[in-house]
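Coordinates in review
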Amino acid sequence: MKSLLLVEDDRSLGATLQDRLALEGYRVQWVETKQRALKKLSEGLWDLLILDVGLPDGSGFELAREVKAQSSLPIMFITALGTAENRLEGFEIGAEEFIPKPFHLRELLLRVRHVFEKHPVRRQVSCNGRTIELDSRTIIQPDGQREHPPARDFDLLELLISSAPRVVSRNQIIDTLWGEDKLGNQRTVDNMIVHLRQSLGDADSKFIRAVRGVGYQWGCDS
Amino acid sequence: MKQQRDRIKILLVALWVTFTVTLAVWWLIFGLRQLNLINQSNLEGAVQLHRHYQMLLWEGGILIASLIGGGLALYYYARREQKRHAQVEEFFAAFTHDAKTAMASLRLQAESLKEDLGSKPSPLLDRLLQDTLRLQIQLENSLSLVKLPSGRLLIEPVKLSNLIDSLRFHWPDLTILQKGDGTVPADVRALESVLTNLIQNAVTHGQASEVVITVSRRGSDRLKVHVEDNGCGFQGDFSQLGKLFVRHARGSGSGVGLYISRQLTRRMNAKLNFARGPAGGFVAELDFPGEAEMMSVAEREEVII
């Protein structure tokens, strides 16, 4: 599942976009400010950054420059500022797309797909003879056997991998996996970790380390 | 760029004040010296010359004071005008941002509802979406009208098929046929605005159900974009089309769309002409200069595949 970070300060637009992109099968995190975007960017692996230019605590261009200085993450601007100067600045930063508001839903989805076609991401992690394919959500055992853990378990695994080497707290796992619904609890998280360790054949907690009083950490170095 | 222009204006005011005040001071000193010289050689008229000296001194002083006062007032009003202009621009930027964001949200929600309904017809949503488009065009045209004299264009190679494909999202029920393809030197947003206005006019005023856009080469280095609809056409005076605020009939629009289209086309070093189509529809013809790259229909199909 491809991960999108959406930075949009308009709540109505942000919520609608998040819902529609999620319906298209993307994992979407929506934040409203530049600071929160920077925090989210430091916390995980992202495949695309969809960015509004006018943010309450700074410019989307500034944020894009900071991101491009550190990574090659594709960036797509959605903005009401469509002047020649703005477009030029966006493309100079290295944006893949510059979509003026108001845009059509189908057009946006098409352009997102177009960016992914241009930047195919095949993400996989190898660890101690096992391969974890993040896109197909599969764990390939040393004997070639392919395992497909339950969706939420795999989301947790992806969260741990993308956050490594940072320790992810149980509360953060609950927030990320269940959002505002808060249906999950710490016991559920611990059970999911047990299932994941079983799927990974991780009897001695080598892959997923428990950090006492804090949470869990992806512990594979390769 | 704009800040530089503002600085130049203030500098010109300062230069004008300095020049005129210096000139007046020089004239005054020169006049007083002349009077002194005459006074030294003409002792008989000394009293009268002294009166002239006093008069010149006072009048010169008042003139210089007036010049300085006028210059300062000019500087003050120029600064105030610049600040006011900046405030208006700031307001327009904030207004545009809010209006366009709200419109994007509205359109997205309407389109989401339509998608959720699937193939079920939803005339209410269709009308709502068409109204958001009308609102968008009116807003864009109003902003273009304000920015036409000073707004910069970013001329780059624009592939017509890409632009036309993105325009299709605006009118899902309208058949837009494209024959031929090419790349023109244009500002993508300006060209989009031109084509949007032409097609919207075909739909709104011509009641057209089909628009055919034909791209062909004219001579060795020009590209012609022929936009023809199957609507009822235009019954008025063609020479009046594209003139600002000229309305041809009640409810015939604000008279801004075609004016902006023509102005934007001119700023892209292209020409826009209107005519009556052979089948009675409306025809608009864009004539682009430069190294227009042509692609045949067959090539275009290959690209799509």
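Residues numbered from 1 in each chain as written. Chains lettered and ligands numbered in written order. Predicted model: local features only at pLDDT ≥ 70, side-chain atom pairs only at ≥ 80, totals over all residues.

A word on the overall build of chain A. For chain A, the helix and strand inventory stands at 8 helices and 14 strands. Here chain A, with 222 residues, has 36% of them falling under the buried criterion. (Helix = DSSP H or I, 4+ residues; strand = E, 2+ residues; numbered from the N terminus. Buried ≥ 20, exposed ≤ 12 C-beta atoms within 10 Å, placed from the backbone.)

A few words on the overall build of chain B. Helix and strand counts for chain B come out as 7 helices and 8 strands. Each of the 305 residues in chain B was classed as buried or not, and the buried ones make up 25%. For chain B, long-range pairs separated by at least 24 residues make up 69% of all intrachain contacts whose partners lie at least 6 apart in sequence. (Contact = placed C-beta atoms within 7 Å.)

Turning next to the nonpolar core. In this structure, Ile50, Leu51, Met76 and Phe77 of chain A are the most contacted members of the largest nonpolar core, which totals 39 residues. Apart from the residues lying within four places of it in its own chain, the contact partners of Phe77 of chain A are Leu51, Val53, Gly60, Gly90, Ala95, Glu97, Phe98 and Ile99 of chain A. Among the nonpolar cores identified, the runner-up in size contains 34 residues, and Ala202, Leu223, Phe282 and Ala284 of chain B belong to it. (Core = buried A, V, L, I, M, F, W, Y, C linked by C-beta atoms within 7 Å.)

On to unusual backbone geometry, then. A cis amide bond links Lys101 of chain A to the next residue, Pro102 of chain A, at an omega of -5°. Structurally, Pro102 of chain A can be placed in the loop between strand 7 (97–100) and helix 5 (105–118). The backbone of Gln207 of chain B sits at a positive phi, close to 55°, despite the residue not being glycine. For Gln207 of chain B, the position within the fold is in the loop between helix 5 (188–204) and strand 4 (210–218). Residue classification places Gln207 of chain B among the exposed residues on the basis of 11 C-beta atoms within 10 Å.

All names here are of chain A. End to end, helix 8 (residues 186–200) covers 21 Å across 15 residues, agreeing with the expected 21 Å (1.5 Å per residue, within 8%). The complete set of buried residues in helix 8 reads Val189, Met192, Ile193, Leu196, Ser199 and Leu200. Along helix 8, the residues classed as buried sweep out an arc of 120° about the axis, all on the same side. Residues Arg187, Asp190 and Asn191 are exposed on helix 8 and point more than 90 degrees away from its buried face. Just beyond helix 8, the residue with positive phi is Gly201, at close to 65°. (Expected span 1.5 Å × (residues − 1). Arc of directions from axis to C-beta.)

All names here are of chain A. Spatial strand order, 2-1-3-6-7: 5 strands in an open sheet with parallel pairing. Each end of this open sheet is capped by a strand with a single partner; those strands are strand 2 (27–31) and strand 7. Between one strand and the next, the sheet's axes are offset by a mean angle of 15°, whatever the strand orientation. Sheet topology places strand 1 (residues 3–7) next to strand 2; 5 bridges connect them, and they run parallel. In the strand pairing of strand 2, Ser3 is matched with Arg27. On the sheet, helix 5 packs against strand 3 (48–52), strand 6 (75–79) and strand 7 and is oriented at approximately 175° with respect to strand 7. (Pairing = 2+ DSSP bridges. Axes fitted to C-alpha atoms, helices over the stretch in contact; angles between N-to-C directions.)

Time to look at the pairing of strand 3 (residues 181–186) of chain B. Residue and element names in this part refer to chain B. The buried fraction of strand 3 is high, at 5 of 6 residues. Note that strand 1 (residues 156–159) and strand 3 share 4 bridges and pair antiparallel. Across the sheet, Lys159 pairs through a bridge with Thr183, a residue of strand 3.

Across the contact, 22 residues belong to chain A and 22 residues belong to chain B. Those elements that provide at least two residues to the side of chain A that touches chain B are helix 1 (11–23), helix 4 (84–93) and helix 5 of chain A. If one sorts the elements of the side of chain A that touches chain B by residue count, helix 1 of chain A sits on top with 5 residues.

All right, on to the confidence of the model for chain B then. Of the residues in chain B, 91% reach a pLDDT of 70 or more, and the chain-wide mean stands at 85. This model gives residues 292–305 of chain B a pLDDT under 50, and the stretch forms 18 contacts once residues within four places in sequence are excluded. (pLDDT = per-residue confidence, 0-100.)

All names here are of chain A. Mapped onto the secondary structure, Arg146 falls in strand 11 (residues 146–147). For Arg146 and Ile132, which are 14 residues apart along the polypeptide, the C-alpha to C-alpha distance reads 9.6 Å. With residues up to four places along the chain from it excluded, the contact list for Arg146 reads Thr138 and Ile140.

The next subject is the packing of helix 6 (residues 151–163) of chain A against helix 8 of chain A. Residues and elements named next belong to chain A. Packing of helix 6 against helix 8 brings their axes to within 10 Å, and their N-to-C directions diverge by 85°. Judged on the interaxial angle alone, helix 8 and helix 6 are roughly perpendicular. Here Arg152, Asp153, Leu156 and Leu157 of helix 6 lie close against helix 8, whose contacting residues are Met192, His195 and Leu196. Per-class residue counts for the contact of helix 6 with helix 8 are 4 nonpolar, 1 polar and 2 charged. (Parallel < 35°, antiparallel > 145°, perpendicular 65-115°, else oblique. Nonpolar A, V, L, I, M, F, W, Y, C, P; charged D, E, K, R; others polar.)

Attention shifts here to the environment of Asp190 of chain A. Looking at where Asp190 of chain A falls in the secondary structure, it is placed in helix 8. Each C-alpha atom, one on Asp190 of chain A and one on Gly215 of chain A, is 9.5 Å from the other, the two residues being 25 residues apart in sequence.

The next subject is the sheet that holds strand 12 (residues 168–169) of chain A. Residues and elements named next belong to chain A. The sheet built from 3 strands is open, its strands ordered 12-14-13 with antiparallel pairing. In this open sheet, the two strands that pair with only one neighbour each are strand 12 and strand 13 (208–211). Of the strand pairs in this sheet, strand 12 and strand 14 (residues 215–218) are connected by 2 bridges, and their pairing is antiparallel. Within strand 14, the residue paired with Ser169 across the bridge is Gly215.

Residue and element names in this part refer to chain B. With respect to the element layout, Ser161 can be found in helix 4 (residues 160–167). The class for Ser161 is partly exposed, based on 18 C-beta atoms found within 10 Å. Here the alpha-carbon distance between Ser161 and Gln178, two residues 17 residues apart in the chain, equals 7.7 Å.

So, about helix 6 (residues 257–267) of chain B. Residues and elements named next belong to chain B. Across the 11 residues of helix 6, 8 count as buried, placing the element largely inside the fold. Every buried residue of helix 6 is accounted for by Gly257, Leu258, Tyr259, Ile260, Ser261, Arg262, Leu264 and Thr265. Buried residues belonging to helix 6 abut helix 3 (123–147), helix 5, strand 6 (271–276) and strand 7 (282–288). Looking one or two residues beyond helix 6, the residue adopting positive phi is Asn269, at roughly 60°.

Let us look at the pairing of strand 9 (residues 130–133) of chain A. All names here are of chain A. Direction of pairing for strand 9 relative to strand 10 (residues 138–140): antiparallel, over a ladder of 3 bridges. For Glu133, the partnering residue across the bridge sits in strand 10 and is Thr138. Between strand 9 and strand 10, which pair antiparallel and follow one another directly, the connecting turn spans 4 residues, one of which, Arg137, has a positive phi of 55°.

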